[in-house]
Amino acid sequence: MKYAKVYFDDVEIGTELPPLVKAPIQQIQLTRYAGASGDFNPIHQDDEFARAAGMGGVFAHGMLSMGFVAQALTDWAGPSTVRKLGVRFTGLVRLKDVVTCRGRVLGKSSKDELNLVDLEVWAENQRGEKVVTGRATLALPAKE
Amino acid sequence: MPAHVNKTVLGKEYPPYTVTVERGKIKEFARAIGDLNPFYLDDSVGQASCWGDVIAPPTFPVTFRSESGDSAALLRDLGVDISRVLHGEQEFEIHRPIVPGETFVCRTRVVDIYEKSGRTGPMAFVVREIAVTDRTNEIVATMRQVTVVRL
């Protein structure tokens, strides 16, 4: 929270996160994410396997998109501000898709000297279809 | 033939396992996401910070895996092939920053199993909670993950 980029006081209900537009998804990123996360499900690597599984081809780890959403939050609010992040994976992210992460402040509360901001967050593809929807709670500093 | 999930897995607690947070793993994870935040990647920025080191991105605890307590073990217990599962939901509660060199204990429990019919047919939902605690038994993070099995 010490390196927060926004003050609790300056956040209002309805405040929107600056959209985070990620680079088009490439197979190499899914391979890197598999190695980094330890999730080697071939459904994210092997197109034949993914087709045989009835998924119509390779798609990205949901956790990669969740990582993008977390980045959108910390890019805006600063490192170590995220207290809670919960999402549902609502659509598949395919190779070449461009994922954009967005969010909007739903509420503010203060308790035990913690100033918390609740947001709705989501990620969408280049067609505006939501692939991740969820909620986040951030702890932000108050002005002296 | 439709798949079935072994519902007796409900309530199962997996053997606790320990993980030690590696500096390189934090950076590899941040780079794989394309999140080039210097607080994750730059040792000098980390050392000068109030945490004294780089910290892990919010979703990093998903890397805390073990042979005995991770998804492969769960799928074996459920009697389900990996080609039938999807990640349905994921939640993190983060109680404090995570820095390299720390050793944590992870405890996984299956807290719910239910079935529903979706657009693509019947599905089972398996909900796990993973509690991550430090050496003083303080909670560091809690993960809740929903695995969807296409039946």
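In the block above lies the structure referred to throughout.
This one's a predicted model, so the numbers in the text were calculated from it and none came from an experiment.

## A short note on the overall build of chain A
Here is step 1 of the chain: The secondary structure content of chain A amounts to three helices and five strands.
Here is step 2 of the chain: N-terminal to C-terminal, the α/β element order of chain A is β-α-α-α-β-β-β-β.
Here is step 3 of the chain: On the principal axes, the C-alpha backbone points of chain A span a range of 60 × 30 × 20 Å.
Here is step 4 of the chain: Considering chain A as a whole, with its 144 residues, one finds that 42% of them fall into the buried category.
Here is step 5 of the chain: Once local pairs closer than 6 in sequence are excluded, the contacts in chain A between residues at least 24 apart make up 69%.

## Digging into the overall build of chain B
Here is step 1 of the chain: Within chain B, the secondary structure is distributed over four helices and five strands.
Here is step 2 of the chain: Secondary structure elements in chain B, listed N-terminal to C-terminal, are β-α-α-α-α-β-β-β-β.
Here is step 3 of the chain: Out of the 151 residues belonging to chain B, those deemed buried represent 32%.
Here is step 4 of the chain: Relative to all contacts within chain B whose residues are 6 or more apart in sequence, the contacts with residues 24 or more apart total 70%.

## Things to note about unusual backbone geometry
Across the chain, the bulk of peptide bonds are trans and the bulk of non-glycine residues have phi less than zero.
All names here are of chain A.
Here is step 1 of the chain: The backbone of Ser80 shows a phi angle near 60°, a positive value even though the residue is not glycine.
Here is step 2 of the chain: Summarising the element assignment, Ser80 is placed in the loop between helix 3 (62–77) and strand 2 (82–89).
Here is step 3 of the chain: The residue Lys96 is not glycine, and still its phi comes out positive at about 75°.
Here is step 4 of the chain: Here Lys96 lies in the loop between strand 2 and strand 3 (100–111).

## Description of the packing of helix 1 (residues 27–37) of chain A against helix 1 (residues 23–33) of chain B
The packing of two helices is summarised by the inter-axis angle and the distance between the axes.
Here is step 1 of the chain: Look at helix 1 of chain A against helix 1 of chain B: their axes get within 9 Å of each other, and the N-to-C directions meet at 155°. Put simply, helix 1 of chain A runs roughly antiparallel to helix 1 of chain B. Like other packed secondary-structure pairs, helix 1 of chain A and helix 1 of chain B cross with a definite hand, here left-handed. Facing helix 1 of chain A, whose interface residues are A:Gln29, A:Arg32, A:Tyr33, A:Ala36 and A:Ser37, helix 1 of chain B presents B:Glu28, B:Phe29 and B:Ala32.
Here is step 2 of the chain: Taken together, the residues of the contact of helix 1 of chain A with helix 1 of chain B sort by class into four nonpolar, two polar and two charged.

## Things to note about the sheet that holds strand 5 (residues 139–150) of chain B
Here is step 1 of the chain: An order of 1(A)-3(A)-4(A)-5(A)-2(A)-2(B)-5(B)-4(B)-3(B)-1(B) is seen for the ten strands of this open sheet, with the pairing classed as antiparallel. Each end of this open sheet is capped by a strand with a single partner; those strands are strand 1 (20–21) of chain A together with strand 1 (17–20) of chain B.

Criteria and thresholds
Residues numbered from 1 in each chain as written. Chains lettered and ligands numbered in written order. Predicted model: local features only at pLDDT ≥ 70, side-chain atom pairs only at ≥ 80, totals over all residues. Helix = DSSP H or I, 4+ residues; strand = E, 2+ residues; numbered from the N terminus. Buried ≥ 20, exposed ≤ 12 C-beta atoms within 10 Å, placed from the backbone. Contact = placed C-beta atoms within 7 Å. Axes fitted to C-alpha atoms, helices over the stretch in contact; angles between N-to-C directions. Parallel < 35°, antiparallel > 145°, perpendicular 65-115°, else oblique. Left-handed = near helix turned anticlockwise from the far one by under 90°. Nonpolar A, V, L, I, M, F, W, Y, C, P; charged D, E, K, R; others polar. Pairing = 2+ DSSP bridges.

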